[in-house]
Number of protein chains: 2
Amino acid sequence: MKFKIAILGTGNVANHLVPALENAGHTITEIYARDINDAEKLTEKVYVADAKSDLDFSDSKAEIFILAVSDAAISDLADEIILPEESILVHTSGTVPLSMLGYSSASYTGIFYPLQTFSKGREVDFVDVPFLIESEDQETLQKLKKLAKSLSPSVFVVKSKDRLALHVAAVFASNFTNHMIRLSEEIMGRQGLDFEMLKPLIIESVSKSLELGAKRAQTGPAIRGDYGTLDHHFQFLNYNEQVAEIYRLISQDIIDVN
Amino acid sequence: MKFKIAILGTGNVANHLVPALENAGHTITEIYARDINDAEKLTEKVYVADAKSDLDFSDSKAEIFILAVSDAAISDLADEIILPEESILVHTSGTVPLSMLGYSSASYTGIFYPLQTFSKGREVDFVDVPFLIESEDQETLQKLKKLAKSLSPSVFVVKSKDRLALHVAAVFASNFTNHMIRLSEEIMGRQGLDFEMLKPLIIESVSKSLELGAKRAQTGPAIRGDYGTLDHHFQFLNYNEQVAEIYRLISQDIIDVN
């Protein structure tokens, strides 16, 4: 099933999504940006698409309208966009509730959320990206599923009530994992040690964790109940009370859950 | 420069090290284990090596003796082993100080520490493993450097005074990163959500962190200063006070260091 799709937004998600959708056989009819120059730049990435900087889509041939914009911009665009009959309006955010599209002129609404971190200049292959979709309308949900499946084998229907849990879990998995690496970098740098020596350990630890499950993969002084080492490390970190407390608290939690 | 090497121990490190050393052109002369059956089993992995269960190495042709045993076993083995003249005794631990080999009969001592997490059944290519070496004797240090370089391009001389910092940094980078993944798994599981959907995000986040540096790679509600979301997440986690406190403390630290 091939769709005609209009994209609103020219940020990281839109930039990754537009060529991928065309490659999958869909047609990009329009690309909207507040600044027409931004829209034109992105239309160059595809075979044929009109650049637009106004929100009147009443003559559009598209069936699906994707709001690939920042969380803060979603509600204003949804309220102002003028859509043709029988159109589906979706956003690509993991945190904005579906109800935020409720006052739009769309016949159907949904969420089409690629769960990945997109950065300029880093290629992302959508085959490896899970799509989390939602709609209150069953036919819309089936269409979004087909659209997602055309990009990735990994498609999950996630209800709004589960989005908060998912987001909290993603913060631990992504932002907090990154901060642990940050603290590690700083400890090494402070001692004049080359952080490069820890990179292979990090890569192997994370692979092992994802393969075996983090419970089985855990090693180190906390899970061994090696209180002597834990105390040494805590003392070592006394130059930064907050980091020492992070060390103590995570170690305690590793001890408690095992 | 090729060496004659005796290995003491038959655990994960020894099992990975023995075939790698032989592949690099060195000769494994003896493999020691308290239980001769364990030693014999590991000798089968190499072309020629004698299995031993006694610590009298006075007739050994080896020049380098590698204690690839648990931290707790190092000091006893070092004290009891009988070594030939001019021999070098090293251990493979990242945490046991060099001085622990001080009462041995070795002419020279050192540390030969592959900084990686080894597990049974998981292949590790030493080309990707940094070796951290140390010795108070310059000639020994050069030999250990050559031995390490024959296995991996990544060799670092690390002094005992830096080992504590290195170990603390490794706990953050490896054990704590793993625990963040564990907490994420539990939040997903508790909500009945499939943890699979977060795996690509974790892989990409860690790659990005190692490539750009964790400071630049950080995203999420804390670094955006999005206190509304932080508060929502903290409330969501109120079923587990300790995990909520971990969330609060790491978020605070992300805010403070940026």
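All of these numbers come straight from a predicted model, not from anything done at the bench.

Visitor: Help me understand the packing of aromatic side chains, please; the structure alone is not making it clear to me.
Guide: Across all of its chains, the model carries 16 aromatic pairs over all chains by this definition. With centroids separated by 5.8 Å and ring planes inclined at 40°, the aromatic side chains of B:Phe118 and B:Phe126 adopt a geometry described as tilted. No difference in accessibility class separates B:Phe118 from B:Phe126, as the two residues are buried. With a centroid separation of 5.0 Å and an interplanar angle of 75°, the aromatic rings of B:Phe172 and B:Phe176 are classed as edge-to-face. With B:Phe172 and B:Phe176 both in helix H5 (residues 160-190), this residue pair falls four residues apart, about one helical turn. Ring pairs connect the aromatic residues A:Phe112, A:Phe118, A:Phe126 and A:Phe131, which therefore count as one cluster. Positioned above the aromatic ring of B:Phe57, the side-chain terminus of B:Lys52 is 4.7 Å from the ring centre.

Visitor: Quick question: what am I supposed to make of the nonpolar core here?
Guide: Within soluble globular proteins, side chains that are nonpolar generally end up buried alongside one another. In terms of nonpolar packing, the biggest core is built from 117 residues, with A:Phe172 and B:Phe172 touching the most fellow members. Residues in contact with A:Phe172, not counting those within four places in the same chain, are A:Thr177, B:Met180, B:Leu183, B:Ser184, B:Ile187, B:Leu237, B:Val243, B:Ile246 and B:Tyr247.

Visitor: Help me understand the interface of chain A and chain B, please; the structure alone is not making it clear to me.
Guide: How big an interface is tends to be expressed through the accessible area that disappears when the partners come together. Between chain A and chain B, the contact holds 83 residues from the first and 83 residues from the second. Taking both sides of the interface into account, the surface hidden between chain A and chain B amounts to around 8,100 Å²; carbon and sulfur atoms contribute 67%. If you sort the residues of chain A by the area they bury against chain B, A:Arg122, A:Phe172 and A:Leu210 come out on top, with a joint share of 9%. Counting across the chain A and chain B interface gives zero salt bridges. Remark: the boundary between chain A and chain B carries 33 residue pairs in polar contact (both at pLDDT 80 or more).

Visitor: Whenever I open this one, the UniProt feature "domain: Pyrroline-5-carboxylate reductase catalytic N-terminal" (unreviewed entry) in chain A confuses me. Can you help?
Guide: Within this structure's numbering, the places UniProt gives as "domain: Pyrroline-5-carboxylate reductase catalytic N-terminal" (unreviewed entry) are residues 4-90 of chain A. Span residues 4-90 of chain A is 34% helix and 24% strand, its end C-alpha atoms 14 Å apart.

Visitor: Looking at this structure, I do not really get unusual backbone geometry. What am I missing?
Guide: For residues that are not glycine, phi is negative in most cases, and the peptide bond is trans in most cases. For A:Glu86, which is not glycine, the phi dihedral falls at a positive 65°. Looking at the secondary structure, you find A:Glu86 in the loop between helix H3 (71-80) and strand E5 (88-91).

Visitor: Which parts of the structure should I look at to understand the relation of the copies chain A and chain B?
Guide: Superposing the two chain copies requires a rotation about an axis and a translation along that axis. Expressed as a screw transformation, the operator carrying chain A onto chain B has a rotation angle of 180° and an axial translation of 0.0 Å, and the superposed copies differ by an RMSD of 0.1 Å. Both copies are brought into coincidence by an operation consistent with a two-fold rotation axis. In terms of proximity to the rotation axis, the leading residue of chain A is A:Thr177, whose C-alpha is 2.5 Å off the axis. Both copies share a contact surface, since 100% of the interface residues of chain A are interface residues in chain B too.

Cut-offs used in this document
Residues numbered from 1 in each chain as written. Chains lettered and ligands numbered in written order. Predicted model: local features only at pLDDT ≥ 70, side-chain atom pairs only at ≥ 80, totals over all residues. Heavy atoms only, no water. Phe/Tyr/Trp six-rings, centres within 6.5 Å; stacked < 30°, edge-to-face > 60°. Buried < 20%, exposed > 50% of the residue type's maximum accessible area, 1.4 Å probe, protein only. Helix = DSSP H or I, 4+ residues; strand = E, 2+ residues; numbered from the N terminus. Lys NZ or Arg CZ within 6 Å of the ring centre and 35° of its normal. Core = buried A, V, L, I, M, F, W, Y, C linked by side-chain atoms within 4.5 Å. Contact = heavy atoms within 4.5 Å. Buried area = accessible area lost by both parts, 1.4 Å probe. Salt bridge = Lys/Arg side-chain N within 4 Å of Asp/Glu carboxyl O. Polar contact = N/O pair within 3.5 Å; in protein donor to acceptor, adjacent residues only side chain to side chain. UniProt positions renumbered as here; feature names shortened; annotations may be inferred. Least-squares fit on C-alpha atoms with pLDDT ≥ 70 in both.

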